[in-house]
Amino acid sequence: HIRFTGAGAGLNVWAPSSSALAFNRVSFLATTGTSQVDYNGGGGNSCSFKTLSFASNGIIYNNHYFSDTLKFSPDYSYLLQAGGTQSFSATGVLDATGTCNSFIAIGSTASGTQAVISKPSDSINVNFVQLSDNNAEATGAAYNALNTIDLDNNTGWTTITSPDPRDLYWVGGNGNWNDPARWSTWDNGAPGACIPTPSDNVFFTINSGTPLTVIINIPNAYCKNMTWTATQGPTFTSTATTNILNIYGSLTLISAMNFAGGAWPVYFRSTNPAGETITSDTRTFPGEIYFTGNGGSWTLNDALSVASS
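Calculation criteria
- Residues numbered from 1 in each chain as written.
- Predicted model: local features only at pLDDT ≥ 70, side-chain atom pairs only at ≥ 80, totals over all residues.
- Heavy atoms only, no water.
- Helix = DSSP H or I, 4+ residues; strand = E, 2+ residues; numbered from the N terminus.
- Polar contact = N/O pair within 3.5 Å; in protein donor to acceptor, adjacent residues only side chain to side chain.
- Pairing = 2+ DSSP bridges.
- Phe/Tyr/Trp six-rings, centres within 6.5 Å; stacked < 30°, edge-to-face > 60°.
- Buried < 20%, exposed > 50% of the residue type's maximum accessible area, 1.4 Å probe, protein only.
- 1 Å grid on protein atoms, 1.4 Å probe; cavity = no way out; pocket = protein on both sides within 12 Å on 5 of 7 lines; lining within 4 Å.
- Points joined across faces, edges and corners; volume = space filled by probe spheres on them.
- Nonpolar A, V, L, I, M, F, W, Y, C, P; charged D, E, K, R; others polar.
- Disulfide = S-S within 2.5 Å.
- Core = buried A, V, L, I, M, F, W, Y, C linked by side-chain atoms within 4.5 Å.
- Axes fitted to C-alpha atoms, helices over the stretch in contact; angles between N-to-C directions.

## Let's talk about the side chain of Ser35
Reasoning step 1: If you trace the backbone, Ser35 turns up in strand S4 (residues 34–40).
Reasoning step 2: A polar contact of 3.5 Å, which involves the side chain of Ser35, links it to the backbone oxygen of Ala9.

Next up, the structure:
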């Protein structure tokens with residue numbers, strides 16, 4: 001059992017072209033940093049693992065084989081080799097089970113280029129995942145992604161089901177986006193709801209609390225429609241200019257609110273051809289905005305202003 005305890009540790013394998021190295025159990029135990037596995041060999045060979053597990057973010061380069069388990073942890077992100085294949089035995093398991101407040105992100109090392117997972121039979125089952133740029137290879141296995149955010153360019157999956165849509169209301173005043181204590185399923189209701197997904201409408205009302213500062217403190221915040229009606233001078237801010245607000249529906253701002261936190265971006269990702277609306281009400285977006293929904297359209301209800309960044 002090879003155990004790496006340092007943050008951002010890496011297993012970098014150098015082997016001649018005639019070799020394919022086999023490992024038993026490999027574990028990255030640190031809960032910070034990004035760990036990686038990389039195979040530098042030739043001849044189309046790869047490493048094989050009985051188990052490979054990550055306790056924080058991870059990157060898997062090149063092709064590998066898992067006879068037992070590849071384990072990802074909730075609230076972290078994982079990148080698989082673009083154009084590469086991660087293969088599982090007939091009894092192998094991709095253990096990627098997040099929660100409604102702690103999704104697991106699975107993507108590719110090159111945005112827009114798919115990574116492949118492959119299993120000869122039985123099934124691959126993941127839950128509460130943000131999935132992008134992934135091809136489930138047609139081998140006879142079933143590939144099921146439940147309560148999953150489909151971030152586009154995913155093919156071959158037997159089932160990708162989104163979380164059930166909800167109306168969520170901000171409660172309790174100042175707080176972080178990823179705090180369940182700030183979300184309720186009714187206006188001025190009890191806190192403790194799961195944080196928003198792209199299926200959920202979010203509302204900031206007069207009952208959301210005073211003072212009211214909403215902080216995006218995670219790399220990606222999601223919602224469907226976002227509506228502000230709070231009149232107590234709320235502030236919408238971010239802890240980093242790299243944090244992204246992803247809106248899959250319409251947006252309604254009010255003149256009483258303020259943006260802060262530097263030039264953080266907003267991505268409009270609707271794919272609805274019937275169209276969404278954007279109401280700015282004299283507010284200027286703090287950073288760049290992007291319209292990335294394939295097939296979506298948007299109507300501006302008033303002037304749109306974006307701050308230079």
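## Describing the sheet that holds strand S32 (residues 276–279)
Reasoning step 1: The strand order across the open sheet formed by seven strands is S22-S20-S23-S26-S29-S32-S35, and the pairing between neighbours is mixed. Of all strands in the sheet, those with a lone pairing partner are strand S22 (183–184) and strand S35 (298–300), marking the two edges.
Reasoning step 2: Bridging between strand S20 (residues 167–170) and strand S23 (residues 201–204) involves three bridges; their strand directions are parallel. In the strand pairing of S23, Leu168 is matched with Val202.

## Here's the deal with the packing of aromatic side chains
Reasoning step 1: A full pass over the atoms with the stated rule returns 29 aromatic pairs.
Reasoning step 2: Judged by centre distance (4.1 Å) and plane angle (15°), the ring pair of Phe204 and Trp228 falls under stacked. Here the residue Phe204 occupies a position in strand S23, and Trp228 occupies one in strand S26 (residues 226–228), the gap between them amounting to 24 residues.
Reasoning step 3: Residue Phe204 is classed as buried on the basis of its relative accessible area, which comes to 0%.
Reasoning step 4: Joined through ring pairs, the aromatic side chains of Trp170, Trp177, Trp183, Phe204, Trp228, Phe236, Phe259, Trp264, Phe268, Phe285, Phe291 and Trp298 make up one cluster.

## Brief notes about empty space enclosed by the protein
Reasoning step 1: Taken as a whole and assessed by the stated rule, the structure comprises two cavities of 30 Å³ or more.
Reasoning step 2: For the largest cavity, the calculated volume is near 50 Å³.
Reasoning step 3: Within the lining of the largest cavity, the residues separate by chemical class into nine nonpolar, one polar and no charged.
Reasoning step 4: Counted as a void, the second largest cavity has a volume near 30 Å³.
Reasoning step 5: Lining the second largest cavity are Met226, Phe236, Leu245, Leu251, Leu253, Phe259, Val266 and Phe285.
Reasoning step 6: Its residues assigned to classes, the lining of the second largest cavity comprises eight nonpolar, no polar and no charged.

## A look at the state of the cysteines
Reasoning step 1: The full count for this structure, using the stated rule, is one disulfide.
Reasoning step 2: Note that Cys100 is cross-linked by a disulfide to Cys194, the S-S spacing being 1.7 Å. Looking down the S-S bond of the Cys100 and Cys194 bridge, the torsion is -50°, so its handedness is left-handed. Placement of the pair is Cys100 in the loop between strand S10 (93–96) and strand S11 (104–108) and Cys194 in the loop between S22 and S23, with a sequence separation of 94 residues.
Reasoning step 3: Residue classification places Cys100 among the partly exposed residues on the basis of a relative accessible area of 22%.

## What to know about the nonpolar core
Reasoning step 1: In terms of nonpolar packing, the biggest core is built from 36 residues, with Leu52 and Phe72 touching the most fellow members.
Reasoning step 2: A per-element tally of this core places strand S5 (residues 47–54) first, with four residues.
Reasoning step 3: Judged by nonpolar contacts, the second largest core, of 30 residues, contains Phe204, Trp228, Ile254 and Phe285.

## Quick look at the sheet that holds strand S34 (residues 289–291)
Reasoning step 1: Pairing in this open sheet of four strands is parallel, and the strands run S25-S28-S31-S34 from one edge to the other. Edge strands, defined here as strands with exactly one partner in the open sheet, are strand S25 (220–223) and S34. Ignoring strand direction, the axes of neighbouring strands in this sheet form an average angle of 20°.
Reasoning step 2: Pairing of strand S31 (residues 266–268) with S34, which is carried by three bridges, proceeds in the parallel orientation. In the strand pairing of S34, Val266 is matched with Ile289.

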